[in-house]
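Listed below are the residues making up each chain.
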Amino acid sequence: MSPAGPAWPRLRVLQALWALLVVLLAPWRLWAIKNTQECTWQVVLNNFETVGKKDASDRFVDQEPLYTVDKVFSLLVDAPIDPDEVRGLVSGKRERSWTCTPLGSGHLPTLSLQTYLGFPYYLKINYSCKGESSEALVRKGHLTGLKPVVLVTFQSPVNFHRWKIEQLQIQMEAAPFRSKAERCNAEEVCLMSWYTPMPIKNGSVVMRVDVSSNGLGPFIPNKRFRVNINGFLERQRDNTLQFTVGNELFNLIPRYFVNVPSRPLWYTVDQAPVFILGGIPEEKAILLTDTNFKDFFLVELSIDSCWVGSFYCPPTSFTATIYDAIATESTLFIRQNQLIYYFTGTYTTLHESNRGSERWVRVLANECIKKLCPVHFHSNGSEYVMALTTGKHEGYVHFGTITDGRVSFELLPRQRSVCNGILVVNCSITWAVFIAGDYNLLLLVEIEDPSTRKYFQVVSYDLVSDYLVVLYTIPEFIPDARGLEFLMVLGTESYTNFPMVPKGMSYNPYNNLLFIWGNFLLQSYNSENFIYLADFPKELSIKYLVNSFYGDTAIVTETEEIWYLLEGSYQVYKLFPSKGWEVHVSLQVMQQSSLYAPNETMVTLFYEDHRLYQLVYLIDNQQGRLVKRLVPVEQLLMYQQISTDYLLERQGSHLTLSFTNFCPFTVMRLRDLPNPQIYTRQERYRAQPPRVLEPGGFHSDNSLAVYQGLVYYLLWLHSKYDKPYADPVHDPTWRWWKNKKQDQVRGEGGESVGGPSPDPPSPSPCPGTVFAPHPVPQDYYFYLASNWRSAGSVHVDMASYEKIYDLKAENELPERIFLDKGTSYRFSVFLTAGEPEPLCTVQSKVGLAVVLADPECIEAVVKEKGISGHHLMKTSMLLKVVGSSGHCFQNTHQGPRMQGNLMVPVLIGCPPGKRLAFDITYTLEYNRLQNKHYFDCVHVDPEMPCFLFRDIFYPFFLIQDLVTGDSGSFQGSYVLKVVGGGPTLDTIKEYSEEDIYRFNSPLDKTGSLIWTTRNTTTTEDSAFNILSHNSLGIEWLCMENSPCHDTIPHSIFASEFFFKVLVSNRGVDKSTYCDYQLTFQLHIHGLPLSARRAFLILMVSASLIVGLVILYVISCLLSPYVVKVCNVLCWKINNIVAWESYIYSVASDTRAFSNTSGTKSGESSGGISRVVSMVAGENKTDTKETLRKKPIS
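Residues numbered from 1 in each chain as written. Predicted model: local features only at pLDDT ≥ 70, side-chain atom pairs only at ≥ 80, totals over all residues. Heavy atoms only, no water.

## Concerning the overall build of the protein
Tallying secondary structure elements over the protein gives 16 helices and 66 strands in all. Looking at the 1193 residues of the protein, the share that counts as buried comes to 51%. Of the contacts formed within the protein by residues at least 6 apart in sequence, a portion of 65% connects residues at least 24 apart. When the accessible area of the protein is evaluated, it comes to approximately 56,800 Å², of which 54% is carbon and sulfur surface. (Helix = DSSP H or I, 4+ residues; strand = E, 2+ residues; numbered from the N terminus. Buried < 20%, exposed > 50% of the residue type's maximum accessible area, 1.4 Å probe, protein only. Contact = heavy atoms within 4.5 Å. Areas by Shrake-Rupley, 256 points an atom, 1.4 Å probe, with all protein chains shown as cover.)

## Describing the nonpolar core
With 106 residues, the main nonpolar core has Tyr127, Met198 and Val245 as its most contacted residues. The leading source of residues in this core is helix α10 (residues 701–719), at twelve residues. Among residues more than four places away in sequence, those in contact with Tyr127 are Cys39, Thr40, Trp41, Gln42, Ser134, Leu137, Val138, Gly141, Leu146, Trp194, Pro218 and Ile220. In terms of nonpolar packing, the next biggest core, distinct from the first, is built from 59 residues, Ile326, Val363, Val418 and Ile422 among them. (Core = buried A, V, L, I, M, F, W, Y, C linked by side-chain atoms within 4.5 Å.)

## What to know about the environment of Ser262
Structurally, Ser262 is set in the loop between β11 (246–249) and β12 (266–267). In the structure, Ser262 is positioned 18 residues away from Ile280 in sequence and 10.0 Å away in space, judged by C-alpha atoms. Once residues within four sequence positions are removed from consideration, Ser262 is found in contact with Lys543, Tyr544, Val556, Glu560, Met602, Val603 and Thr604. Among the polar contacts listed, one links the side chain of Ser262 to the side chain of Tyr544, at a separation of 3.1 Å. Here the side chain of Ser262 touches Glu560 through a polar contact of 2.7 Å, side chain to side chain. (Polar contact = N/O pair within 3.5 Å; in protein donor to acceptor, adjacent residues only side chain to side chain.)

## As for the packing of aromatic side chains
Under the counting rule described, the total for this entry stands at 51 aromatic pairs. Arranged with centres 6.1 Å apart and planes meeting at 80°, the rings of Phe232 and Tyr347 form a pair that is edge-to-face. In this pair, Phe232 is assigned in the loop between β8 (223–228) and β9 (233–235) and Tyr347 in the loop between β18 (339–344) and α5 (348–351), connecting sequence segments 115 residues apart. Here Phe232 falls in the buried class, since its relative accessible area comes to 1%. Taking the relative accessible area as the measure of exposure, Tyr347 reaches 0% and is therefore buried. Through pairs of rings, three or more aromatic residues link up here, namely Tyr725, Phe918, Phe957, Phe970, Tyr974, Tyr1076 and Phe1080. Directly above the aromatic system of Tyr721 lies the positively charged group of Arg915, at a separation of 5.1 Å from the ring centroid. For Lys977, the ring lying beneath its charged end belongs to Phe1024, and the centroid distance is 4.3 Å. (Phe/Tyr/Trp six-rings, centres within 6.5 Å; stacked < 30°, edge-to-face > 60°. Lys NZ or Arg CZ within 6 Å of the ring centre and 35° of its normal.)

## A few points about the state of the cysteines
The full count for this structure, using the stated rule, is six disulfides. At a sulfur-sulfur separation of 1.8 Å, the disulfide partner of Cys39 is Cys129. Here the S-S torsion is close to 100°, and the disulfide linking Cys39 with Cys129 is therefore right-handed. Placement of Cys39 in strand β1 (residues 39–47) and of Cys129 in strand β2 (residues 121–129) is noted, with a sequence separation of 90 residues between them. With a sulfur-sulfur separation of 1.8 Å, Cys937 is cross-linked through a disulfide to Cys946. On the S-S bond that ties Cys937 to Cys946, the torsion sits near -100°, and the link is left-handed. Accessibility expressed as a relative area gives 1% for Cys946, which makes it buried. (Disulfide = S-S within 2.5 Å.)

## Regarding the packing of helix α7 (residues 579–590) against helix α8 (residues 633–644)
Contact pair α7 / α8: the axes reach a minimum separation of 7 Å and the direction vectors enclose 115°. As judged from the angle between their axes, α7 and α8 are roughly perpendicular. Of the two elements, α7 crosses α8, and the hand of that crossing is right-handed. Along the contact surface, α7 presents Lys579, Gly580, Trp581, Val583, His584 and Leu587, while α8 presents Gln635, Leu636, Tyr639, Gln640 and Ser643. Here the contact of α7 with α8 is composed, by residue class, of five nonpolar, five polar and one charged. (Axes fitted to C-alpha atoms, helices over the stretch in contact; angles between N-to-C directions. Parallel < 35°, antiparallel > 145°, perpendicular 65-115°, else oblique. Left-handed = near helix turned anticlockwise from the far one by under 90°. Nonpolar A, V, L, I, M, F, W, Y, C, P; charged D, E, K, R; others polar.)

## Quick word on the pairing of strand β56 (residues 901–908)
Burial analysis of β56 places seven of its eight residues in the buried class, the great majority of the element. Here strand β49 (residues 817–819) runs beside β56; their pairing, made up of three bridges, is parallel. The residue bridging Phe818 from the neighbouring strand is Leu907, located in β56. With eight bridges joining them, strand β53 (residues 873–881) and β56 adopt antiparallel strand pairing. (Pairing = 2+ DSSP bridges.)

Shown next as structure tokens:
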């Protein structure tokens, strides 16, 4: 085992230092000598409870939003964010139902309009310089106006079926905060730091944090930090953190690392928040990190550590060592012996629920797994891993798919083994590579032929067609290059006696470059024609390759040597051990660097941000430790070039030193670069802390909480900016500042605060809105802040929270670019090839070449269209100056940088950040112009205006670019379908595919059409009409068998119907690669009734009217008789009532005398009888007289 660092050769070091000193004093300088201090940023994570505490640091575990922020906002009663004013918005208006998805929450609570949320963590920022106290430096920086600027970049998710693909950034200015340490003698501050909220976004678990200066104070170079969510930690009841995958070990025993071979670090590129590394001998332990090994944990895994052999598994020795370890976005895979385990972390931001594993899950338990092969890139919304088998399923591959934390394996090939497919008896798969763009497997197959020796073939397997084909047969022996740097392997060249022993393959999807490695190095751009790189010695054997996927490849041999290859060239450089490495280590020892020691062992090698890093175990003063350090590739190549390419010549009585400069140019400059956002698709927001009314400018816990709530709401507005109806202003923050614009206009107009106010705006859909029902001029809040009267001593300027659309180019190519159909990326390259310096001699001329990985893409040949950000084709552009590889360097403040080779990944397809929206503003205007009128519904809904059924409907759509802020009319063709509907919003139902055809197809013969158009253009199968922005409009039909036919009105007003409309340009628009799809609801009123129902209503109405008329006539004719009869009846009734009253009164008088003597009683009784008789007689007499007087008619 070779150590990672050299022994300390004194003589060679002195010679190298002498040569280096001469170079430093020469006019041809390789770097600039600066007098600035070496300062660096420091960032740690703090939760709410640890803000202001010295040396406090937390892990990124919590993913739920905090509701405690709302208590702070309730204090701001006279501010633009006054919750009471928000509540006033709802009064008097119909409140729409909004479901708020908290950023970073797995749950979907429905929040009230006045709830403010915050993120669970802050970023604590300091800086330090060599030789000075960090505390004094921070105070000095604050007093000189220094404010850190933090740029948080969210990595887009893997599963684009669940989450929107976007490149999102937020730029925040840090707020100064006094530490909560013990009291000190200083009047203002003893300890302080800067703080910003650490935002979380649904679908993202990997965040990059870039810290820079605002330009004031000392010069501090920009620095990048990895702040990832660790879903394999859980918080206990006592608030401590514990690993779910096992138990943490706190002792790094030397035997774990000393003289232990290094191993590759495998993970899904740009997606894995946690890296794991096995290979610790005889221990079921791994190294785990969530900061790319800035810090790490040694964890003993809680697996059963058993292996049950069987008759079909080859016998192997049992060991507890974890050999293969792969990290994906949410799942970890390990191999121990011949078994595979996986563990899914708890990531509610990804899965919207707790799908974390409770324990390690063993998969393929009945299989003998000899190796795990990683898949470095995700595709189609999933990640992949491959397991190579031995034993009964030799010649098969278990292809694993990870989607939303769910793991499944499929045995490939499906029909027969690889051995049977290539017509051999015995074979074994040594390595597998998955090419996602072609949905193809490349297999390195070892074949044992009884008649000949072993040989290897590259076999291609198509996962769609289940087809196997042999692409290339690797030569049995290493070719004889005869002094050439490379050799095209055609089969006609001569060979050495060294057998070729392939061990693995590596594939770069951006430039289609395939490496086959072992004791040789072959490369190919089409997997069929290979080039042999002769610079790599055939006596060595490669253990693994490390690819940056940006044009750099590092090679680690079995003897722990490190080699370097710049893709696009054929020269392989030895980095360690080398003369350049000896010079570099000697200089580091002179500077007393803590990253180097006499006894070193390399643990792994990996790329981060295009730079090569080592994880090294150091033993210094009998103390062992793991460190992450940079491998300075450019400096090593420079030192190596200087130490070999110089010449001492005698001129007179003294010696002169001269060098040969193999770089064909002096300076390479890029000019005329376009603004980056349209190509990088980076969406950026800007936020500044609220202004605090404190003499020293220091923030408090409350003001930081307000900062949290404002940043949360700003990102919430972004996440909810997907309304199908386009706003009048294309900006996610428009609803935040639209009333503020009105306020400013009112203030400038001179109206008083209590004067007439315009109609209040529509209520904001969720927490944090800043609108007031009665607008107050923005100057009023500024007046309060200027006079130190703002509520809560906090002033919020809403102009400080905005989206940035005008980022400028920085004279360097972007990290990657996205190109749609017909778009181009143009820039200029200036190469300065000046006269050589006095001690340098230029040996070559300047030649510039551009290499395209997929030249056919210039013709825009793409097989499928895709949704925005989906199914992008990976390719690249390589800008290369001939002869510059390994010879040309540019001096920067961060050290030398290689120049002359620029590789830019290009993603061809529909760029992320574009969407189709219903242009309701122009649609209303154009429909009013064409139909000469516009009638809205009786109950007006500003969010969804109505359209009249009998009017021709002319829809218009917008293509909104969320990145650049551009918004233009959609000029392409599209298909419109009604895919759902109902008489009310609550009764809208989805239609089946059969119903959609009947309701929308002009070929329908069932009388079910909902609409038609006079356009004659249809799809290829004539199934649907094709519309465009200049179409003749849509005529509503609602035929007899359609769902909107004969809609019964629910009131006295005309019937109305809500259509769910789908608009798509798939298969009909050739102007773009984008597959736009928009689903929106359309409100139609004034629907006619069916003829049958209308006739029935007419008959019923006519019958009622005729009946009423007849009844009126009859009543007029019979009214005199009716009156007379009524009078008679009334008279008779009156008589009967009078008679009853008289009888009752007489009976009452009789009872009054009933208490007298018996004689009197008898008399009285007789008297009463007589009286009754007399009255009856009188009545009879009167009746007779009446009848006698009545004339005979």
